[in-house]
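The lines below spell out each chain.
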Amino acid sequence: DYESRFNMTKIMADKFKSAIVSRKENEESFRGTYYALKDFSLIDNDLYFVMGADNFDYLDKWIMADKLIEEFKFIIITRKGYDVSKLIKEKYNNNKDNFTILEIDFPISSTDFRENKNKEILLDEVYEYIKTNNLYEVKGNV
């Protein structure tokens, strides 16, 4: 659910002190990522939207995708099976400077965790949150 995803993301962001996690997408007034980033840019214009390569593959389908891609910067986290450089060249070459590729040689995938329950791919604090809240069929005594 939204609250659990928010809390797990916040645990990670707080640990690394590298990001701010927003509840904006859960607000009734949410109109899409473009407008959310416009609002955030009023506070800090050195803004990056972080996403995995699997979602990046569909960025051009998002609401107001053209303006989003033209006006904002992204950090794209690599994932096995996705050639991010190729996607940028094929789909977003005119705005290639707005994309930073973050190469991670580690199997970061919520889907992978839900299927395999491999706690080694999570922060200990996130795994504890999952156990405490009985998420993904991981019980507190595991």
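For clarity, every value in this text was computed on a predicted model and none was experimentally measured.

Here we come to the side chain of Thr78. Its location among the elements puts Thr78 in the loop between strand 2 (73-77) and helix 5 (84-91). Judged by its relative accessible area of 15%, Thr78 is buried. Those residues in contact with Thr78 that sit more than four places away from it in its chain are Ala53, Val84, Ile101, Leu102, Glu103 and Ile104.

As a further point, take the environment of Phe113. For Phe113, the location among the structural elements is in helix 6 (residues 110-116). Distance from Phe113 to Tyr136, taken between C-alpha atoms, is 8.6 Å for residues 23 residues apart in sequence. Residues within four places of Phe113 in sequence aside, it is in contact with Asn118, Lys119, Ile121, Leu122, Tyr127, Ile130, Tyr136 and Val138.

Taken as a whole, this structure holds eleven aromatic pairs when the rule is applied. Judged by centre distance (6.2 Å) and plane angle (85 degrees), the rings of Phe113 and Tyr127 are edge-to-face. With a gap of 14 residues between them, Phe113 in helix 6 and Tyr127 in helix 7 (residues 124-132) connect regions that are remote in the sequence. Tyr127 shares its class with Phe113; the two are buried. Their ring planes at 75 degrees and their centres at 6.1 Å tell us that Phe113 and Tyr136 sit as a pair that is edge-to-face. Placement of Phe113 in helix 6 and of Tyr136 in the segment after helix 7 is noted, with a sequence separation of 23 residues between them. For Phe113, a relative accessible area of 2% corresponds to the buried category. You can call Tyr136 partly exposed: its relative accessible area is 28%. Members of the aromatic cluster, each reached through a chain of ring pairs, are Phe49, Phe56, Trp62, Phe74, Tyr92 and Phe99. Geometry around Phe6 places Arg23 over its ring, the cationic atom sitting 3.8 Å from the centre. One residue, Lys24, lies across the ring of Phe40, its end atom 5.7 Å from the ring centre.

Turning to helix 5, a few remarks are in order. Residues lying three or four places apart along an α-helix face the same way, a consequence of the helix completing one turn every 3.6 residues. Along helix 5, the residues that are buried comprise Val84, Leu87 and Ile88. Take helix 5 and look down its axis: the buried residues cluster within an arc of 100 degrees, on one side only. Structural note: helix 5 exposes Lys89 and Glu90 on the side pointing more than 90 degrees away from its buried face.

Non-glycine residue Asn134 carries a positive phi angle of around 50 degrees. For Asn134, a relative accessible area of 44% gives the class partly exposed. Positive phi, close to 55 degrees, is recorded for Tyr136, a residue that is not glycine.

With that settled, consider the nonpolar core. If you look at the biggest cluster of nonpolar residues, it comprises 18 residues, and the most contacted ones within it are Phe56, Leu59, Leu68, Phe72, Phe74, Ile76 and Phe99. Elements that contribute at least two residues to this core include exactly helix 2 (33-43), helix 3 (53-56), helix 4 (65-71), strand 2 and helix 5. If near-sequence neighbours (up to four positions away) are discounted, Leu59 is found in contact with Met51, Ala65, Leu68, Ile69, Phe74, Tyr92 and Phe99. Of all hydrophobic cores here, the second largest spans ten residues; its members include Phe113, Ile121, Tyr127 and Tyr129.

Rules of the game
- Residues numbered from 1 in each chain as written.
- Predicted model: local features only at pLDDT ≥ 70, side-chain atom pairs only at ≥ 80, totals over all residues.
- Heavy atoms only, no water.
- Helix = DSSP H or I, 4+ residues; strand = E, 2+ residues; numbered from the N terminus.
- Buried < 20%, exposed > 50% of the residue type's maximum accessible area, 1.4 Å probe, protein only.
- Contact = heavy atoms within 4.5 Å.
- Phe/Tyr/Trp six-rings, centres within 6.5 Å; stacked < 30°, edge-to-face > 60°.
- Lys NZ or Arg CZ within 6 Å of the ring centre and 35° of its normal.
- Arc of directions from axis to C-beta.
- Core = buried A, V, L, I, M, F, W, Y, C linked by side-chain atoms within 4.5 Å.

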